[in-house]
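Structural overview for review
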Amino acid sequence: MGNWPGVTVEKKEGRLRGRKDVVIQDLPGIYSLSPYTLEEVVARDYLVGEKPDAILNIVDGTNIERNLYLTTQLIELGLPVVVAVNMMDLVRRNGDEIDLEKLGQALGCQVVSMSALKGEGGMAAAEKAVEAAVAGRAGELPHVFTGSVEHAVAHIEESVSGMVDAGYLRWYAIKLFERDEKVMESLRISPELADHLEAHIADCEAELDDDAESIVTNQRYAYIHGVVSRAVKKKAAAHSLTASDRIDRIVTNRVLALPIFAGIMFLIYAIAMGGWSVSIGTRGTDWANDVLFGEWVPGLFHSILTGVGVAEGTWLYGLIQDGIVAGVGAVLGFVPQILVLCFLLAILEDVGYMARVAFIMDRIFRRFGLSGKSFIPMLVATGCGVPGIMASRTIEQDRDRRMTIMTTGFIPCGAKMPIIGLFAGAVFGNSPLVAVSAFMIGIAAVVISGIMLKKFRIFAGEPAPFVMELPAYHAPAPGNVLRATWERGWSFIRRAGTVILLSSIILWFLMGYGFEGGSFGAVEDMNNSLLAAVGSAVAWIFYPLGWVGENAWKLTCATITGLIAKEEVVNFFGIAFNYAGEADLMEDASGLYPAIAAAFTGLNAYSFMIFNLLCAPCFAAMGAIKREMNNAKWTVGAIGYMCGFAYVVSMIVYQIGGLFTGETTFGVFTAVALVLLAGIIYLLVRKGYQGEAVRNLRSVSAAGI
Amino acid sequence: MMPLSMAKPGEPVIIRKITGRDEIRQHLAELGFIVGGEVMVVSELGGNLILQVKDSRVALDRTMANRIMI
């Protein structure tokens, strides 16, 4: 199967409907069993290491020749294989014919047809796979290789039989013939045996005047070509332009590509985030904030609570209304915007445009050391950082992947929109420029980080060459789009129900209770609360960022709660300023604005916003970073880098900006900020690390042109 | 022989040679780029190409396209 963003990137387990005893493992889409990308490694480790009972290989009927390449490798694993030819509806519409029986005979396995888009044949294919698993017998292996290659492979089989599982013999022999290092290591081949095998391989290479890997590839394709020419009848002449190609000619046209892309992105944000009449997302969120969580839900809880005898003003009433309802409601209010955004991105993905975006952006991203494939994680991260970070798996080169993971967190995700929205509304008079500047800061952070990190030895070198299969354009399948929307939106909602609910309660307690007048209890003045004590103790760290005065601890605590989930920042301010009795959130959601406006100046609001946009993401995203980095040092490094970068940028903005607005006078921190700014500029313009590897790669590309 | 990046869009051509590291050549082969096989440029954007090969569409950047000689 093809492997474009949105297709499985990790294995997923499920059970067959109606058959509780059947476990289906969905593996990432791969091109072959030679590990080039991470997904191929995941799939190969599973197939060879876990010995599934049967393999259901779903191939794309519209380009069957390329797809059967993997099929022949799977059959060589010696496991029962069922091939399901997908997209049969498209094959028929193109006027092509695939003779499933002939195909099955040639390959030595069952072949069935299906159409995932139309929901046809999937169950039948799964049933066939179950049958094959129960029978537990693999068919006879097809004769893929001929002449001296078959001869050499057979010799290798003989030499290593007994060292490997009998079923996998052929697969191991071919891998050894290709000199696959991972396989050699795993079998602990002795030097003598290695020499013996090498002799066979070298003989064969000499005879065919080619290297072993190419020999195998060529013979495989030659075999497949033979099979396909017998079993498949094509109507259209080879290399005629398909509808997809014609769309590509316009959409990836050198003049139109960027304007079209900009237009589509503008449309998406207009619909999801903008303030116009077409902005469904914003209108939904406004309604949720003002009506649903502004009146209905608090009203409902009010009547329930007073109905069961909990009067207004008691601690339980306070916990439920001020703690839980206000806290969780503040977060859930943003669900409509996020759902609309995820829905639109899912459509782009399903239609096939997302892969083209990577292609279009590659040229631009390459300038600051990232590949076009880094763009997709970032685009997805505008909805939620967690799937964004996970989408980085399609990037082949480790270095590029790590850099993408480190910088994806800078993109303002859906959960950071509430923070931006709050300050835009409260301090900056609802100016749309604030949201735009937040995105610009995110993008600038990615660009600057990309250029800076590339100057260090560990990231030096050109991004891996861009190679990507593009799916054919097709109308979006409602099922796929809704599922993708739901999966991403749900993770947001689920957190509101779990982490945020819990932290709302804890926060409410920490803020409402403390030592006052010598005894512990509910506090009148929030400045005496437990949270204020904790916040004040560490608030000095943020002094250079302009978080000063009596509200400094609130800003500090808000940032800490932001680590739980970014929406918590708004939630925190909701509780913090509400509980102090300065505004009543229950009647008017924007009642928070005057309190926020009074607590912030334009500049320290901006410094606070920048720090929270760029610093370590929420726990969920940190978890994703840890999973993807799969290395403690890198995880700490990535999160540390984000926090450090955020701190430096906020400080520069506050200290130097303050000189212009008159909020700061020239002092020690202004000097530090100037030094840091100079440091960043130096890193941006200085020559990069010039190692061997860098020069080699450059010379290859230079020689190519 | 000339690099694929110089091919005219819309005209099928035959691959004569693929240069470069083994790993990348192998990946190209898995995508359908093999010596003797046909390929056609669909679209070109700043040296990056969209190609039609074995009935599928593959995007390659300029450095990769230059490794494929026609």
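Residues numbered from 1 in each chain as written. Chains lettered and ligands numbered in written order. Predicted model: local features only at pLDDT ≥ 70, side-chain atom pairs only at ≥ 80, totals over all residues. Heavy atoms only, no water.

So, about the side chain of asparagine 63 of chain A. Tracing the backbone shows asparagine 63 of chain A in the loop between strand E3 (55–60) and helix H2 (64–76). Classification of asparagine 63 of chain A by relative accessible area gives buried; the value is 3%. Excluding residues within four positions of it along the chain, asparagine 63 of chain A makes contact with Glu469 of chain A together with Lys54, Asp55 and Ser56 of chain B. (Helix = DSSP H or I, 4+ residues; strand = E, 2+ residues; numbered from the N terminus. Buried < 20%, exposed > 50% of the residue type's maximum accessible area, 1.4 Å probe, protein only. Contact = heavy atoms within 4.5 Å.)

Our next topic: the environment of glycine 78 of chain A. Residue and element names in this part refer to chain A. Examined against the element boundaries, glycine 78 turns out to sit in the loop between H2 and strand E4 (81–86). On the accessibility criterion, glycine 78 (24% relative accessible area) is partly exposed. A C-alpha to C-alpha distance of 7.9 Å links glycine 78 and leucine 169, two positions 91 residues apart in sequence.

Note on interface size: it is often stated as the accessible area lost on association of the parts. Contacts between the two partners involve 40 residues from chain B, matched on the other side by 48 residues from chain A. Both faces combined, the contact of chain B with chain A buries some 3900 Å², and carbon together with sulfur accounts for 56% of it. The largest contributions to the chain B side of the interface with chain A come from Glu30, Leu45 and Arg57 of chain B, which together make up 20% of the buried area. Taken together, the connections running from chain B to chain A amount to 6 salt bridges. As a salt-bridge pair, aspartate 211 of chain A and arginine 25 of chain B come within 3.5 Å of each other at their nearest N and O atoms. Linking chain B with chain A are 18 residue pairs in polar contact (both at pLDDT 80 or more), by the criterion used here. Contributing elements (two or more residues each) for the side of chain B that touches chain A: helix H1 (22–30), strand E3 (38–45), strand E4 (48–53), strand E5 (56–60) and helix H2 (62–65) of chain B. Taken together, the residues of the side of chain B that touches chain A break down into 17 nonpolar, 11 polar and 12 charged. (Buried area = accessible area lost by both parts, 1.4 Å probe. Salt bridge = Lys/Arg side-chain N within 4 Å of Asp/Glu carboxyl O. Polar contact = N/O pair within 3.5 Å; in protein donor to acceptor, adjacent residues only side chain to side chain. Nonpolar A, V, L, I, M, F, W, Y, C, P; charged D, E, K, R; others polar.)

All names here are of chain A. Pairing in this open sheet of 3 strands is parallel, and the strands run E3-E4-E6 from one edge to the other. Either end of the sheet is taken by a strand with one partner, and the two such strands are E3 and strand E6 (110–113). Going from strand to strand, the sheet's axes swing by 25° on average, the running direction of each strand aside. As paired elements, E3 and E4 share 6 bridges and run parallel to each other. Looking across to E4, one finds that leucine 56 is bridged to valine 82. Packing of helix H4 (residues 100–107) onto the sheet brings it into contact with E4 and E6, and relative to E6 it is tilted by some 150°. Packing against the sheet, helix H5 (residues 122–135) makes contact with E3, E4 and E6, and its axis sits at approximately 170° to E4. (Pairing = 2+ DSSP bridges. Axes fitted to C-alpha atoms, helices over the stretch in contact; angles between N-to-C directions.)

In this section: the packing of aromatic side chains. The full count for this structure, using the stated rule, is 31 aromatic pairs over all chains. Taking the centre distance of 5.6 Å and the plane angle of 65° together, the rings of phenylalanine 423 of chain A and phenylalanine 608 of chain A count as edge-to-face. Here phenylalanine 608 of chain A lies in helix H28 (residues 602–614) and phenylalanine 423 of chain A lies in helix H20 (residues 417–426), a separation of 185 residues in the sequence. For the pair phenylalanine 423 of chain A and phenylalanine 608 of chain A, a shared accessibility class is recorded, and that class is buried. Relative to tyrosine 513 of chain A, the ring of phenylalanine 509 of chain A lies with its centre 5.1 Å away and its plane at 25°, an arrangement referred to as stacked. Judged by its relative accessible area of 36%, phenylalanine 509 of chain A is partly exposed. By way of ring pairs, the aromatic residues Phe423, Phe542, Trp547, Phe573, Phe600, Phe608, Phe611 and Tyr647 of chain A are connected into one cluster. One cation-aromatic arrangement involves arginine 220 of chain A over tyrosine 69 of chain A; the distance from NZ or CZ to the ring centre is 5.7 Å. Its end group placed over the ring of tyrosine 221 of chain A, lysine 54 of chain B keeps NZ or CZ at 4.6 Å from the ring centre. (Phe/Tyr/Trp six-rings, centres within 6.5 Å; stacked < 30°, edge-to-face > 60°. Lys NZ or Arg CZ within 6 Å of the ring centre and 35° of its normal.)

Interpretation in functional terms is not warranted from these geometric data alone.
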